[in-house]
Amino acid sequence: MKHDLLGLKELSADQIGHILDTAASMKEIVKSPNKKTPHLQGKTVVTLFYENSTRTRLSFELAAKYMSANAANISSSGSSVAKGETLIDTAETINAMGTDILVMRHGMSGAPHLLSPLVSAAVVNAGDGMNEHPTQALLDMLTIREHKGRIEGLKVAIVGDVYHSRVVRSNIYGLTKMGAEVSVGGPATLLPMGIEKLGVKAFDNVQEAIVDADVVMGLRIQLERQKKGLFPSTREYFRFFGIDEQRLKLAKPDAIVMHPGPVNRGVELSTSVIDGERSVITDQVTSGVAVRMAVMYLLSRGGF
Ligand code: NCD
């Protein structure tokens, strides 16, 4: 039976812990001068991206290459997708070329779930619409665990465009399973109804969400997914919901600041916070390569 990574909703705390442990040793390889291991020798990894990406796509590709896989990338512009080929036909074509791991990002929630039974390759969800982005949440959890020594019992505040964010959904599933206390905050127009049912506290302001937080995570305002009018302007957003030095004082004195990227500077976080000593945003990027190495390696060996 083949194994996929479609979301964190389906994984147990033990499985998440196993991926994080594996990723912690992969991170040593990422930081070492000799980034070549035989973990995926002879395997083929294809990344299929229907949405823009810098770090997710590149980190999957580098993760595959560091482990000696054959890695190729295809994106919707410049491929037959632009000629009108359907998602399923494109995926079956990629599968027929001997692909072992198909990493995909698509604007439609559930796209990787649709493809999984149709291809023999292991499918890894690199972001499906507003649903999940499991490897992002795994890299966030690895980064938190490294900086705080644990996840259980921590207070994690996630603030910004909660409504459109697949990052927040995967983090909620993952962090609550690992025993963290999660609160979300943002403008009322960007908070999905019933989000509390996922086991989090929700606030229509930033202050209450970040009080005493150990981790403050900003989310990008996803202008490309919004119909206009959910908040007046990015300047006003920053004034009421942005994280600056002053607002950060509400969190614990040793709180770390995270953001999945790409950051809108001066909108979700002030430049001094992004570049400040509490920011672990660059380390998140390094964790991203390590987590993707761990996920692909474990999938090639029969899953988590
Ligand atoms: C996120 C995404 O695409 O879901 N970015 C990422 O993967 N690093 C978040 C975002 O685009 O805001």
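Rules used in this analysis
Residues numbered from 1 in each chain as written. Predicted model: local features only at pLDDT ≥ 70, side-chain atom pairs only at ≥ 80, totals over all residues. Heavy atoms only, no water. Pairing = 2+ DSSP bridges. Helix = DSSP H or I, 4+ residues; strand = E, 2+ residues; numbered from the N terminus. Axes fitted to C-alpha atoms, helices over the stretch in contact; angles between N-to-C directions. Domains from an automatic or database assignment. Contact = heavy atoms within 4.5 Å. Buried area = accessible area lost by both parts, 1.4 Å probe. Core = buried A, V, L, I, M, F, W, Y, C linked by side-chain atoms within 4.5 Å. Buried < 20%, exposed > 50% of the residue type's maximum accessible area, 1.4 Å probe, protein only.

1. Focus: the sheet that holds strand β1 (residues 44–49)
Right, on to step 1. Spatially, four strands are ordered β2-β1-β3-β4 in an open sheet, and the strand pairing comes out parallel. Whereas interior strands pair on both sides, the edge strands pair on one side only; in this sheet they are β2 (70–75) and β4 (122–128). Ignoring strand direction, the axes of neighbouring strands in this sheet form an average angle of 15°.
Right, on to step 2. Both strand β3 (residues 101–106) and β4 contribute to a ladder of five bridges, which runs parallel. Looking at β4, one finds that Leu102 is bridged to Val123.

2. What about the domain arrangement of the chain?
Right, on to step 1. We note that the domain assignment places domain 1 (13–132 + 285–300) and domain 2 (134–280) within the chain.
Right, on to step 2. The straight-line distance from the C-alpha centre of domain 1 to that of domain 2 is 25 Å.
Right, on to step 3. Each partner contributes residues to the interface: domain 1 has 28 residues there, and domain 2 has 25 residues.
Right, on to step 4. Regarding the contact of domain 1 and domain 2, the summed buried area is about 2,100 Å², with carbon and sulfur atoms giving 61% of it.

3. Focus on the nonpolar core
Right, on to step 1. Judged by nonpolar contacts, the single largest core of 63 residues is most densely connected at Leu138 and Met296.
Right, on to step 2. When residues in this core are grouped by element, the largest group, ten residues, is from helix α11 (residues 281–300).
Right, on to step 3. Residue contacts for Met296: discarding those within four places in its chain leaves Leu40, Val45, Phe60, Ala63, Ala64, Met67, Ile101 and Val103.
Right, on to step 4. Membership of the second largest hydrophobic core comes to 23 residues, among which are Ala157, Phe203, Ile221 and Phe231.

4. Points about the environment of Glu85
Right, on to step 1. Tracing the backbone shows Glu85 in the loop between β2 and α3 (87–96).
Right, on to step 2. A relative accessible area of 30% means that Glu85 is categorised as partly exposed.
Right, on to step 3. Sequence separation between Glu85 and Val289 is 204 residues, and the spatial gap between their C-alpha atoms is 31 Å.
Right, on to step 4. In contact with Glu85, other than residues within four places in its own chain, are Ser80, Thr90 and Thr93.

5. Focus: the side chain of Gln222
Right, on to step 1. By the secondary structure assignment, Gln222 is in the loop between β8 (215–218) and α8 (234–241).
Right, on to step 2. Here Gln222 falls in the buried class, since its relative accessible area comes to 10%.
Right, on to step 3. Once you skip the residues sitting within four places of it in the chain, Gln222 turns out to touch Asp161, His164 and Ser165.

6. Describing the sheet that holds strand β5 (residues 155–159)
Right, on to step 1. Strand order in this open sheet of five strands is β7-β6-β5-β8-β9, and the pairing throughout is parallel. With one partner strand each, in any of the chains shown, β7 (201–203) and β9 (256–258) form the two edges of the open sheet. Each strand of the sheet is rotated relative to its neighbour by a mean of 20°, with strand direction disregarded.
Right, on to step 2. By the bridge criterion, five bridges tie β5 to strand β6 (residues 181–185) in an arrangement that is parallel. Residue pairing in the sheet places Val159 in a bridge with Gly185 of β6.
Right, on to step 3. On the sheet, helix α5 (residues 134–148) packs against β8 and β9 and is oriented at approximately 165° with respect to β9.
Right, on to step 4. Strand contacts of helix α6 (residues 166–177): β5, β6 and β8, with the helix running at about 160° to β6, the strand carrying the most contacts.

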